[in-house]
Protein chains: 2
Amino acid sequence: MITRISKLRRTFFVALFCCCCCFLIPVGADEGMWLFEQPPTQQVKEKYGFELTPEWLQHVQQSSIRFARRGSASFVSSQGLIMTNHHVGARNLHELSTPENNLLENGFYAKTFADELPCEGLEILVPVSSEDVTEKVNAAVTPKMSAEEAQKARNSVIAAIEKEAADKTKLRCEVTTLYQGGVYRLYNYKIYNDIRLVWAPEQNIAAFGGDPDNYEYPRYCVDCSLFRAYEDGKPAKIEHFLKWSTDGVKDGELVFVSGFPGRTERSYTREHLEFQRDIYFPQRLQKLYRREVIYSAFSSRSLENQRRIADDLGAVQNYRKRAIGQLQGLRTPSLWKNLPQSISLTSQNQWSKEQWSKTSSPEEKIFNACLLASQGRYFAYDFFELGEAFNSQTFKIARMLVRLAYETEKPNSERLKEYRDGNLESLKQTLFADTPIYEDIEILKLTDSLNHVRDAYGGTWGNWVPVLDFDLSPKEYATELILRSKVRDIAERKRIAEEGINAVKYSGDPMIQLALRLEPFAKKYREAYENEVEAPMTEAYAELAKKRFEKLGTSVYPDATFTLRLSYGAVKSYKEDDGTDVPPITTIAGMFDRAEKQKFKEPFDPPKSWKDGKEKLNPNTAFNLVTTNDIIGGNSGSPLINTKGEVVGLAFDGNIYSLSNNFVYTELQSRCVSVHADVIVESLRKIYGADRIADELGK
Amino acid sequence: MITRISKLRRTFFVALFCCCCCFLIPVGADEGMWLFEQPPTQQVKEKYGFELTPEWLQHVQQSSIRFARRGSASFVSSQGLIMTNHHVGARNLHELSTPENNLLENGFYAKTFADELPCEGLEILVPVSSEDVTEKVNAAVTPKMSAEEAQKARNSVIAAIEKEAADKTKLRCEVTTLYQGGVYRLYNYKIYNDIRLVWAPEQNIAAFGGDPDNYEYPRYCVDCSLFRAYEDGKPAKIEHFLKWSTDGVKDGELVFVSGFPGRTERSYTREHLEFQRDIYFPQRLQKLYRREVIYSAFSSRSLENQRRIADDLGAVQNYRKRAIGQLQGLRTPSLWKNLPQSISLTSQNQWSKEQWSKTSSPEEKIFNACLLASQGRYFAYDFFELGEAFNSQTFKIARMLVRLAYETEKPNSERLKEYRDGNLESLKQTLFADTPIYEDIEILKLTDSLNHVRDAYGGTWGNWVPVLDFDLSPKEYATELILRSKVRDIAERKRIAEEGINAVKYSGDPMIQLALRLEPFAKKYREAYENEVEAPMTEAYAELAKKRFEKLGTSVYPDATFTLRLSYGAVKSYKEDDGTDVPPITTIAGMFDRAEKQKFKEPFDPPKSWKDGKEKLNPNTAFNLVTTNDIIGGNSGSPLINTKGEVVGLAFDGNIYSLSNNFVYTELQSRCVSVHADVIVESLRKIYGADRIADELGK
């Protein structure tokens, strides 16, 4: 599935490198995550002969929904019916489940309005209007200000703009930075916070094919769930919603995706991409490979193990698959042909010992930062500051307790940023969260990550981390640290947090002691990374962005920022590398065929309702389809829309080739994968007896 | 399971480093794989108060069997009944299976002698006598001879000794080099080659717990199968066989393992072990981790994939588990305390750029060879000469065709050794073998290994392998090489092999062209490795061995060489690292308990016969047990023997801590895992209705 925005935020490294701004678009490719305010009118007209009118755009924009911080959605009836992905709504299904009825497993259907289940804490945001506030923001900055003062002034005027707008409109108002500071835009969102669950199919058909088929195609998933917005206890009356198409959708047809793509890095320089290809992804994959094997071997030893490590294993598999897909993209020479030329170092041995140049252009600064990262700055930072060398909840908690004690003694402005007053509450929420921690899994993970450090540094690892106990093997040491630490007890955590420095300093807890001894090294590696890699890179990308924006302005689309975007494309097959053509649209018969070939073994076992109801279903009903739309994580749950502004599908995934979309879009094989509108209605009527809803959809 | 000797031979790297000779034994540990001619009489007497008499030794020796080239076995009745592991006999079960009856799955029991199934091509070897021929061998060498001439002279006198002995005794006579040339010993084996299958349980109980429980404990496996030796069409009359114990075996009891351990490397210097710990195993594991993930993801996508990649995946998992176990041993400081001091470099950054010393002791030569290996000599050799960069059958075949053409044009003595006349027949057998090769799996493996090369060399890989096509991604290139190559067609292979150089040189086959372009690089890396790493190391270890043998002689045991050895030990529990005590002996009730907890899911699903027969079984019957015996791959199928010379069990595995036995034995946690004799008889009688055989065993 497309990673939800919450997952996306965990990709620490890519996320730490700043992203920005704007691109040269190869003529004719269906590229771009366009602002509704600067739509690709000309491109669509030239390629598809269709005119994007202001009315069409406004209607689609106001039918689009940001679903919490998780993904995208849309209104699909005048009575507030909301369509999103099953995997986007999964958290609510989980929260609404009882020991007797697991809604993820069993699905859910509310026969009447009264049966619709309120989802506590869930809110959706509808972008009703927006406004360019670039001038207002920039007016706050004077030429005499330092970079830091300028940022402060901008933050302060942005806060004022947001407050003023909110007071006036009673909407949620957010200023978003676009084009790396080229444009500031105020978005006004109408909030609905009485959201109720209407219908969700069983997990086994929503995610038919499970992890193995994730990012693959052909697919057969009803990755859909329906909610409803209420106002004043009644179904909300909605003016702008997407009607259900009566004509289906055909091969080659023009379609749009309207949603909230999370993040792209399409301004990366060639050298930065080479670094990603040659250093970053190979190192990241090394970690993911070993973890997947270790977790998977543990999982296979018992059902109890399997249940307890399932989330960790699933996350690692998802990351691994994405990393392989991204790396595959970066290693495809045709991808590089679509990149703008920057300085070219490809013929050199670019990761050699010497810096390439001292005084330098932004591209050279970026190259030098990558070079330093490749020479161990990132390794040390990742292992010892981000804590990947001590992969365990126990270490994370001990580290937080140590830093909480020492940092909160300092004036607010001198603290590490995550310990400043504004962040303390959410930090404490994490610190005191009562989530289960399993000793054996903690030992397993810590052993592996200690081994990983030793693998990475060989015989020299003692020089890097002279704080560890070398009289024990990684496994013995991990066992001792985990079993003897008391921080998994929440009361103990609270006691230490309250007592502060002394409770930490004189603690007999071996993990706290380790975190304490580690501090000077961790901070040293953090500073080196932030000052020598991160800061110069941020600065260089800002320079680049400024130059490009001055030249191209808003004629190109900005990087994705989890604000509403429009992407255009067509239903279109593609060739696998081995020459196989994939069908642009799959069918219900295809799903049953795949299930049968896999002998209905998990995850290829459709739910009982489908097996029992097979005869009632039209086997030729369209199931999933691929289109050339340019999408990325965050787009999950976006409606697939035809030229009439009607729903023809529901985006839920990208194929393996789409995974490099964060760097560059290539139309040849990259595809958006959607649930076809037809299979949703067919199953609502024939499997779930949900005629009430199918009627409401108008089909 | 303990790796069979055939698998063991595949561990190319460890195996390429020479091994040798003799050790200092810490007082009191149950260490050693002793020659029957130099038994640990004194050690056993001191620790256990038991006297190993010549009669006891002769009886056990002549009851012991080498089972083909695969493992160990023993005679357990006067009528030629042979006991070995199920996994050692598995190949025969496979060969005897029919489309209607898979003997691995269903098991087998011959109700009468007439039903016993002849195993074509299977032979067993019984070591009936042996003789020290060191003087005769050394007499052939004069001081004036060069090293090469001396080796030639030795080989020639060894051949003569073997021939003379064979003519005289009508036995299979083999001279084995022990103590790295300190001793030459002639072994005379009686051969039986009419071997018939008597009984084998179902795979599901023979390997209960499957791969997940491999190398783990507690265990519940009836890893046993029974064969019978025939002579002149009748059951062989056997004088020396092991009686079945009537008393079982108790916690703490002294037991022996008599069998054929394959290979150990207990003379490795500290520096060599540091190299293994810091460089070799981490690199090896990187490869295994990524392959396991790639194969496993492929496997999960369909049952068809699962079936086709099962062997590859199983092999990788087995290697991975062993490598992790060995590395864990090497990273346990207590293991190093048991090592003899050689030069100590541990406080230095030993894998730095400079050679440590130019003129040097054997230890220093070994260190320098390791150093060169760590600086890329091994990587390049492994990738381009051993072909790991092009992991596919298609490449292996293409490479063989290229070399066959060019090498056989040369005089025999100038060829690469695997292409000399003596090796050509077996090479051609491999080259023309009709084993299934799957295009999609070939592409999968080749893509991954091409990616691995790129990961390893980063942006500089073009410098290492300027023969590759850089206009394609690894996946595109792999796809093209595999799909366009014709060498998977055996007729095509034969045509090329017959036509020789021209057929290769002017071939349009892209894989043959690649192999051809690669040749100069591959050979360069091979020479560098052989001359700068392998040869100095072999020479240095021979020097070391000579010194040690002069000092200690045969008072210590020699490295394992797949000749008969005796190991002593006791039934003994151990503590896991987390402090858990394991039970020294498991029971039938324990097996059913584990199965139930895993909801009888594969591989924790005992066969129907056991589930149906559960009520008949005595739940307290002993199942598997752990002992302190010093064992290694090749010992699979060895009998576990009490002081009366009776069978009390059947060795089939070592626990995870035993995996470092190839480097050093530590008694604390390293354990041999055996099937208890009782569960064999209990199941023979109550599950398999095999009273005939239980009676024959005398119980």
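What counts, and at which threshold
- Residues numbered from 1 in each chain as written.
- Chains lettered and ligands numbered in written order.
- Predicted model: local features only at pLDDT ≥ 70, side-chain atom pairs only at ≥ 80, totals over all residues.
- Helix = DSSP H or I, 4+ residues; strand = E, 2+ residues; numbered from the N terminus.
- Rg over C-alpha atoms; globule rule 2.2 N^0.38 Å.
- Buried ≥ 20, exposed ≤ 12 C-beta atoms within 10 Å, placed from the backbone.
- Contact = placed C-beta atoms within 7 Å.
- Pairing = 2+ DSSP bridges.
- Least-squares fit on C-alpha atoms with pLDDT ≥ 70 in both.
- Domains from an automatic or database assignment.
- Axes fitted to C-alpha atoms, helices over the stretch in contact; angles between N-to-C directions.
- Core = buried A, V, L, I, M, F, W, Y, C linked by C-beta atoms within 7 Å.
- Parallel < 35°, antiparallel > 145°, perpendicular 65-115°, else oblique.
- Left-handed = near helix turned anticlockwise from the far one by under 90°.
- Nonpolar A, V, L, I, M, F, W, Y, C, P; charged D, E, K, R; others polar.
- pLDDT = per-residue confidence, 0-100.

Of the regular secondary structure elements, chain A holds 26 helices and 19 strands. Taking 699 residues into account, the globule formula puts the C-alpha radius of gyration at 27 Å, and chain A, at 26 Å, falls close to it. Its C-alpha atoms give chain A principal-axis dimensions of roughly 70 × 60 × 55 Å. A buried classification covers 51% of the 699 residues belonging to chain A. Pairs at least 24 apart in sequence give 78% of the contacts found in chain A among residues at least 6 apart.

Residues and elements named next belong to chain A. Across seven bridges, the pairing between strand β8 (residues 172-178) and strand β9 (residues 183-192) is antiparallel. Looking at β9, one finds that V175 is bridged to L186. If you look at the hairpin formed by β8 and β9, you'll find four residues sitting between the two strands, and Y179 has a positive phi there, around 50°.

Superposing chain B onto chain A takes a rotation of 180° combined with a translation of 0.0 Å along the rotation axis, leaving an RMSD of 0.1 Å. The superposition of one copy onto the other is thereby described by a two-fold rotation axis. Residue Y289(B) of chain B places its C-alpha closer to the rotation axis than any other residue of that unit, at 2.8 Å. With an isologous cut-off of 70% or more, the 98% of interface residues of chain B that recur at the interface of chain A puts this contact in the isologous class.

What follows is about the domain arrangement of chain A. Split by domain assignment, chain A resolves into domain 1 (5-123 + 193-264 + 560-696) and domain 2 (270-309 + 325-336 + 361-542). Computed over C-alpha atoms only, the centres of domain 1 of chain A and domain 2 of chain A are separated by 35 Å.

Once that is clear, we can look at the sheet that holds strand β16 (residues 639-641) of chain B. Residue and element names in this part refer to chain B. One open sheet accounts for seven strands, arranged β13-β12-β16-β17-β18-β15-β14; its pairing is antiparallel. The sheet is open, and its two edges are formed by β13 (565-570) and β14 (585-587), each paired on a single side. Across the sheet, the mean angle separating the axes of adjacent strands is 30° when strand polarity is ignored. Note that strand β12 (residues 254-259) and β16 share two bridges and pair antiparallel.

Judged by nonpolar contacts, the single largest core of 368 residues is most densely connected at I82(A), I124(A), L401(A), I82(B), I124(B) and L401(B). In this structure I124(A) touches I65(A), R66(A), F67(A), A68(A), A73(A), I82(A), Y192(A), I195(A) and A229(A), once residues within four positions along its chain are discounted.

Time to look at the packing of helix α11 (residues 270-300) of chain A against helix α12 (residues 303-330) of chain A. Residues and elements named next belong to chain A. Interaxial distance between α11 and α12 falls to 8 Å at its minimum, and their mutual angle equals 155°. On the basis of the axis angle, α11 is roughly antiparallel to α12. Here α11 runs over α12; the crossing is left-handed. The residue makeup of the contact of α11 with α12, split by class, is 15 nonpolar, seven polar and six charged.

A few words on the confidence of the model for chain A. Residues and elements named next belong to chain A. Across chain A, the average pLDDT comes to 90, with 93% of residues at 70 or higher. In this model residues 2-26 is a low-confidence stretch, pLDDT under 50, and it forms 70 contacts with partners more than four residues away in sequence or in other chains. pLDDT under 50 marks residues 343-353. Its contacts with residues more than four places away, or in other chains, come to 20 contacts. Interface scoring of the predicted complex returns ipTM 0.90; its pTM is 0.91.

Residues and elements named next belong to chain A. An order of β1-β14-β13-β17-β18-β19-β16-β15 is seen for the eight strands of this open sheet, with the pairing classed as antiparallel. Every interior strand has two partners, whereas the edge strands, β1 (34-35) and β15 (585-587), have only one. As defined by bridge partners, strand β18 (residues 647-654) adjoins strand β19 (residues 672-676) across five bridges and the pair is classed as antiparallel. Within β19, the residue paired with A651 across the bridge is S674. Seen against the sheet, helix α23 (residues 588-597) touches β15 and β16 (622-627) and runs at an angle of roughly 65° to β15.

Residues and elements named next belong to chain A. Of the two faces of strand β4 (residues 81-84), the one carrying L81 and M83 and the one carrying I82 and T84 are both buried. Judged from the two bridges that link them, strand β3 (residues 71-75) and β4 form a sheet pairing that is antiparallel. Opposite S74, over in β4, you have M83 as the bridge partner. Hairpin connection of β3 to β4: five residues between the antiparallel strands, including G80 at a positive phi of 80°.

Attention shifts here to the environment of P39(A). All names here are of chain A. Examined against the element boundaries, P39 turns out to sit in the loop between β1 and α3 (41-48). Here P39 falls in the buried class, since 23 other C-beta atoms lie within 10 Å of it. Sequence-distant contacts of P39, defined by excluding residues within four places in its chain, comprise W34, L52, L57 and L566.

This paragraph deals with the environment of I441(B). Tracing the chain through its elements places I441(B) in helix α17 (residues 439-457). The contacts of I441(B), once residues within four sequence positions are left out, are R308(B) and I309(B).

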